[in-house]
Amino acid sequence: EIMPSLVGSEMCIRDRINQCCDCGIDMGCYVLGDITGIDDMDLYILLENLCDNAIEAAAQSNNPTIKLQISEDNGNLCIYIGNTTSGNVLKNNPDMNTTKKDKSMHGFGIMNIRDIIDKYNGTINYEQHGDNYLMCRCRLKKICQ
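Rules and cut-offs
Residues numbered from 1 in each chain as written. Predicted model: local features only at pLDDT ≥ 70, side-chain atom pairs only at ≥ 80, totals over all residues. Heavy atoms only, no water. Buried < 20%, exposed > 50% of the residue type's maximum accessible area, 1.4 Å probe, protein only. Helix = DSSP H or I, 4+ residues; strand = E, 2+ residues; numbered from the N terminus. Pairing = 2+ DSSP bridges. Contact = heavy atoms within 4.5 Å. Salt bridge = Lys/Arg side-chain N within 4 Å of Asp/Glu carboxyl O. Phe/Tyr/Trp six-rings, centres within 6.5 Å; stacked < 30°, edge-to-face > 60°. Lys NZ or Arg CZ within 6 Å of the ring centre and 35° of its normal. Core = buried A, V, L, I, M, F, W, Y, C linked by side-chain atoms within 4.5 Å. Axes fitted to C-alpha atoms, helices over the stretch in contact; angles between N-to-C directions. Right-handed = clockwise from strand over helix to strand, strands pointing away.

1. Quick word on the pairing of strand β3 (residues 76-84)
No. 1: Across the nine residues of β3, eight count as buried, placing the element largely inside the fold.
No. 2: Both strand β2 (residues 65-73) and β3 contribute to a ladder of eight bridges, which runs antiparallel. Across the sheet, the residue bridging to L68 is I81, located in β3.
No. 3: Taken together, β2 and the strand that follows it, β3, pair antiparallel across an intervening segment of two residues, in which N74 is found at a positive phi of about 50°.
No. 4: The pairing of β3 with strand β5 (residues 133-141) spans nine bridges and is antiparallel.

Below is the structure:
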């Protein structure tokens with residue numbers, strides 16, 4: 001049974017898993033605990049942008065892989081998403097700016113992510129694991145039940 005607050009977000013995740021299957025990207029997704037306390041539209045937008053960024057990066061790598069985990073911890077919602085990359089992202093692009101040619105039409109995903117993180121007094125951290133794997137850790141303080 002799907003928790004009501006996760007209906008839209010679950011659709012987003014299912015769409016991204018299907019997209020990964022179509023593109024030959026291995027995607028694992030784990031949802032643990034009571035995933036409430038974040039507005040469903042905010043969670044949907046956050047997951048959509050995090051997944052789209054991970055898919056784009058993984059598609060350019062050897063052995064494309066994405067791992068997504070959503071869980072709760074002491075009144076926080078934690079979203080961890082890691083993906084393979086074609087190089088050291090934090091070394092080559094520490095500010096996570098868009099790498100697309102038409103900058104005026106791109107780069108909004110990262111801004112959307114940061115806006116939602118700020119709205120929930122959260123944190124976002126990127127960790128490079130070796131030269132070909134990036135981990136993004138988001139933590140949001142739950143505000144609605």
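2. A short note on the environment of C78
No. 1: Turning to its location among the elements, C78 is positioned in strand β3.
No. 2: Separated by 59 residues in sequence, C78 and R137 have C-alpha atoms that sit 7.3 Å apart.
No. 3: In contact with C78, not counting residues within four places along its chain, are Q69, I70, S71, D73, C138 and R139.

3. Regarding the pattern of salt bridges
No. 1: Taken as a whole and judged by the stated rule, the model has seven salt bridges.
No. 2: A salt bridge links D73 to R139, with the nearest nitrogen and oxygen atoms 3.1 Å apart. In this pair, D73 sits in strand β2 while R139 sits in strand β5, placing the two residues 66 residues apart along the sequence.
No. 3: Residue E127 pairs with R137 through a salt bridge whose shortest N-O separation is 2.8 Å. Separated by ten residues along the polypeptide, E127 in strand β4 (residues 123-128) and R137 in strand β5 bring together distant segments of the chain.
No. 4: E127 gets classed as partly exposed once you look at its relative accessible area, which sits at 27%.
No. 5: Taken together, the shared-partner salt bridges in this structure form one network comprising R16, E48 and D52.

4. Observations regarding the packing of aromatic side chains
No. 1: According to the stated counting rule, one finds zero aromatic pairs in the structure shown.
No. 2: The aromatic ring of Y80 is capped on one face by R137, whose charged end is 4.8 Å from the ring centroid.

5. Focus: the nonpolar core
No. 1: One finds I66, L68 and I79 to be the most contacted residues of the largest nonpolar core, which totals 29 residues.
No. 2: For this core, the elements supplying multiple residues, two or more each, are α1 (7-23), α2 (40-59), β2, β3, α4 (108-119) and β5.
No. 3: Element by element, the count of residues in this core is highest for α2, at eight residues.

6. Let's talk about the sheet that holds β2
No. 1: Here we have five strands laid out as an open sheet, ordered β1-β2-β3-β5-β4, and mixed in their pairing. This sheet does not close on itself; its edge strands, each paired only once, are β1 (26-31) and β4. Mean inter-strand twist for the sheet, computed between neighbouring axes without regard to direction, equals 10°.
No. 2: Together, β1, β2, β3 and β5 form the strand contacts of α2, whose direction differs from that of β3 by roughly 15°.

7. A few points about the pairing of β2
No. 1: Sheet topology note: the β1/β2 ladder contains six bridges and is parallel. Counted as the bridge partner of C29 is L68 from β2.
No. 2: Handedness of the crossover is the feature at issue here: the chain leaves β1, passes through α2, returns alongside β2, and the resulting connection is left-handed.

Coordinates in, geometry out; function isn't part of it.
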